[in-house]
Amino acid sequence: MEVPIINYLALSAVLFSIGVVGVLTRRNVIVIYMSIELMLNAVNLTFVAFAKFHGDMGGHVFMFMVMTVAAAEAAVGLAIIIALFRNRETVNVDEVNLLKG
Amino acid sequence: MQLLMFYIFGFLALFAAVSMVVSRKPVMSALFLILNMFCLAGLYALLDAHLVAVLQIIVYAGAIMVLVLFVIMLLNLREKKGLVPKHTVVGQVIGILVLATVMLGVIAKLDLNAIKPLREMSPEFGTVAGVAEKLFTVYLLPFEIASVLLLAAIVGAVILAKRKV
């Protein structure tokens with residue numbers, strides 16, 4: 001264990017914050033989706049780091065579950081994006097404002 | 001040596017993540033995210049998580065991101081080159097600094113010497129046999145629920161993307 005765990009946790013925290021800022025500031029819905037994937041990856045890194053430092057492989061198993069959820073979310077989210085584009089001809093989330101009061 | 005590898009992969013992952021968020025073309029963003037996932041797979045290999053590292057490349061970078069690239073090319077967006085406008089980049093940098101400072105402050109307060117290994121690290125740590133032993137005995141219910149979730153996602157995606165329901 002030459003690399004202290006706090007390195008991994010710090011890297012994961014910074015990647016997560018980059019993902020959050022990407023979701024909040026970008027207007028292209030596909031880039032927003034990819035920032036969500038970046039957040040999920042950062043959390044996966046935390047899980048795997050703690051799995052090594054506890055010696056418990058439950059972290060790896062939970063990382064599988066996160067990856068499964070990400071795959072399911074990819075399928076459904078991209079289908080929504082395609083349906084959105086087909087109806088509104090735009091991927092800019094600022095222009096999808098029919099429900100706005 | 002391991003520390004050097006960590007820094008190489010870590011900084012490359014950070015560079016790829018920031019480039020993903022500031023670039024204007026969605027294809028470049030997707031490619032930078034794939035680079036980020038490869039760097040994370042390298043970090044998983046450093047953490048002795050061999051099965052997880054390989055699956056990250058096969059499933060995440062090799063299936064999910066390819067699906068995203070298909071959708072980007074299907075929508076055929078026309079974007080100008082370069083980065084997002086400068087005021088957006090300034091906002092993003094300030095946001096990242098604030099949020100990362102908050103999270104790093106929380107991490108710095110952790111008492112990491114209190115982590116005691118729960119059990120001895122088995123020689124099968126991180127291999128296929130080790131993960132399978134956990135997945136099919138202790139965590140069997142989440143495994144089955146994950147398969148139901150995938151079924152629901154498949155049905156939902158097919159219905160959502162049809163032209164006429």
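Preceding this section is the structure that the text describes.
Residues numbered from 1 in each chain as written. Chains lettered and ligands numbered in written order. Predicted model: local features only at pLDDT ≥ 70, side-chain atom pairs only at ≥ 80, totals over all residues. Heavy atoms only, no water.

Trainee: Break down the layout of surface pockets for me, citing the residues and quoting the values.
Mentor: When its volume is computed, the largest pocket comes out at roughly 360 Å³. Along the lines of polarity and charge, the residues of the lining of the largest pocket split into 4 nonpolar, 5 polar and 5 charged. (1 Å grid on protein atoms, 1.4 Å probe; cavity = no way out; pocket = protein on both sides within 12 Å on 5 of 7 lines; lining within 4 Å. Points joined across faces, edges and corners; volume = space filled by probe spheres on them. Nonpolar A, V, L, I, M, F, W, Y, C, P; charged D, E, K, R; others polar.)

Trainee: Any details on a nonpolar patch on the surface? Residues and values, ideally.
Mentor: Taken together, B:V90, B:I94, B:V98, B:V102 and B:V106 make up a surface patch of nonpolar side chains, about 450 Å² in accessible area. Looking at where B:V90 falls in the secondary structure, it is placed in helix α4 (residues 86–108). (Patch = residues over 30% accessible without salt bridge, like charges linked within 9 Å, V, L, I, M, F, W, Y side chains within 5 Å. Areas by Shrake-Rupley, 256 points an atom, 1.4 Å probe, with all protein chains shown as cover. Salt bridge = Lys/Arg side-chain N within 4 Å of Asp/Glu carboxyl O. Helix = DSSP H or I, 4+ residues; strand = E, 2+ residues; numbered from the N terminus.)

Trainee: I'd like to hear about helix α6 (residues 140–160) of chain B, residue by residue, with values.
Mentor: Residue and element names in this part refer to chain B. An ideal rise of 1.5 Å per residue puts 30 Å on 21 residues; α6 measures up with 30 Å between its terminal C-alpha atoms. Listed in full, the buried residues belonging to α6 are A146, A153 and A157. Within α6, the buried residues cover an arc of 25° as seen down the axis, which keeps them to one side. For α6, the exposed residues lying more than 90 degrees away from the buried face are L141, I145, V148, L151 and V158. (Expected span 1.5 Å × (residues − 1). Buried < 20%, exposed > 50% of the residue type's maximum accessible area, 1.4 Å probe, protein only. Arc of directions from axis to C-beta.)

Trainee: Give me the lowdown on the pattern of salt bridges, citing residues and values where you can.
Mentor: Per the stated rule, a full pass over the model turns up 2 salt bridges over all chains. Note that A:K52 is salt-bridged to B:D48, the shortest N-O span being 3.0 Å. Of this pair, A:K52 sits in helix α2 (residues 29–54) while B:D48 sits in the loop between α2 (26–46) and α3 (50–75), which puts the two residues in different chains. Measuring nitrogen to oxygen at the nearest pair gives 2.9 Å for the salt bridge that ties B:K134 to A:D56. With B:K134 in helix α5 (residues 128–135) and A:D56 in the loop between α2 and α3 (58–88), this pair bridges two chains. Residues B:K134 and A:D56 agree in their burial class; the two are buried.

Trainee: Describe the side chain of A:T90, listing the residues and the values that go with them.
Mentor: Residues and elements named next belong to chain A. With respect to the helices and strands, the residue T90 is situated in the segment after α3. Exposure remark for T90: the relative accessible area of 10% places this residue in the buried category. For T90, the side chain forms a polar contact with the main-chain nitrogen of N92, separated by 3.0 Å. For T90, the side chain forms a polar contact with the side chain of E95, separated by 3.1 Å. Once you skip the residues sitting within four places of it in the chain, T90 turns out to touch F85, E95 and V96. (Polar contact = N/O pair within 3.5 Å; in protein donor to acceptor, adjacent residues only side chain to side chain. Contact = heavy atoms within 4.5 Å.)

Trainee: How would you summarise the nonpolar core if you had to cite specific residues and measurements?
Mentor: Counting residues in hydrophobic clusters, the biggest one holds 61 residues, and the most contacted among them are A:Y8, A:I30 and A:M34. When near neighbours in sequence (up to four residues on either side) are disregarded, A:Y8 contacts A:V3, A:L45, A:A49, B:F6, B:L43, B:L46 and B:L47. A:M65, B:L51, B:L55 and B:F125 belong to the second-largest nonpolar core, a separate cluster that totals 10 residues. (Core = buried A, V, L, I, M, F, W, Y, C linked by side-chain atoms within 4.5 Å.)

Trainee: How would you sum up the interface of chain B and chain A? Please name residues and give values.
Mentor: Contacts between the two partners involve 82 residues from chain B and, on the opposite side, 67 residues from chain A. Its largest share of buried area at the contact with chain A, chain B owes to B:L47, B:Y60 and B:L75, together 10% of the area lost on that side. On inspection of chain B and its partner chain A, the count reaches 2 salt bridges. In this assembly, chain B and chain A are joined by 8 residue pairs in polar contact (both at pLDDT 80 or more). Of all elements in the fold, only α1 (2–22), α2, α3, α4, α5 and α6 of chain B reach the threshold of two or more residues within the side of chain B that touches chain A. Ranked by the residues each element gives to the side of chain B that touches chain A, the list is headed by α3(B), at 14 residues. (Buried area = accessible area lost by both parts, 1.4 Å probe.)

Trainee: For the packing of α2(A) against α3(A), give the residues involved together with the corresponding values.
Mentor: Residue and element names in this part refer to chain A. At a minimum axis separation of 9 Å, α2 and α3 run at an interaxial angle of 175°. Between α2 and α3, the angle is such that the two are roughly antiparallel. Side by side, α2 and α3 meet where V29, I30, Y33, I36, E37, L40, N44, F47, V48 and A51 of the first sit next to G59, H60, F62, M63, V66, A70, E73, A74, L78 and I81 of the second. Within the contact of α2 with α3, the residues separate by chemical class into 15 nonpolar, 3 polar and 2 charged. (Axes fitted to C-alpha atoms, helices over the stretch in contact; angles between N-to-C directions. Parallel < 35°, antiparallel > 145°, perpendicular 65-115°, else oblique.)

Trainee: Which residues make up the packing of α2(B) against α3(B), and what are the values?
Mentor: Residue and element names in this part refer to chain B. The contact between α2 and α3 brings their axes to 8 Å, and the two run at 175°. Relative to α3, the element α2 is oriented roughly antiparallel. In this structure, α2 contributes P26, V27, A30, L31, L33, I34, M37, F38, L40, A41, Y44 and A45 to the contact, and α3 contributes H50, V52, A53, Q56, I57, Y60, A61, M65, L69 and I72.

Trainee: Which residues make up the packing of aromatic side chains, and what values go with them?
Mentor: Using the criterion set out here, one finds 6 aromatic pairs over all chains in the structure. Geometrically, the ring pair formed by A:F47 and A:F62 is tilted, given 4.8 Å between the ring centres and 45° between the ring planes. Taken together, the residues A:F47 in helix α2 and A:F62 in helix α3 connect sequence positions 15 residues apart. Where B:F6 meets B:Y7, the ring centres are 5.5 Å apart and the plane angle is 65°; that geometry is what we call edge-to-face. Of the residues examined, B:F6 reaches a relative accessible area of 4% and is grouped as buried. Of the aromatic side chains, those joined through ring pairs into one cluster are A:Y8, B:F6, B:Y7 and B:F11. (Phe/Tyr/Trp six-rings, centres within 6.5 Å; stacked < 30°, edge-to-face > 60°.)

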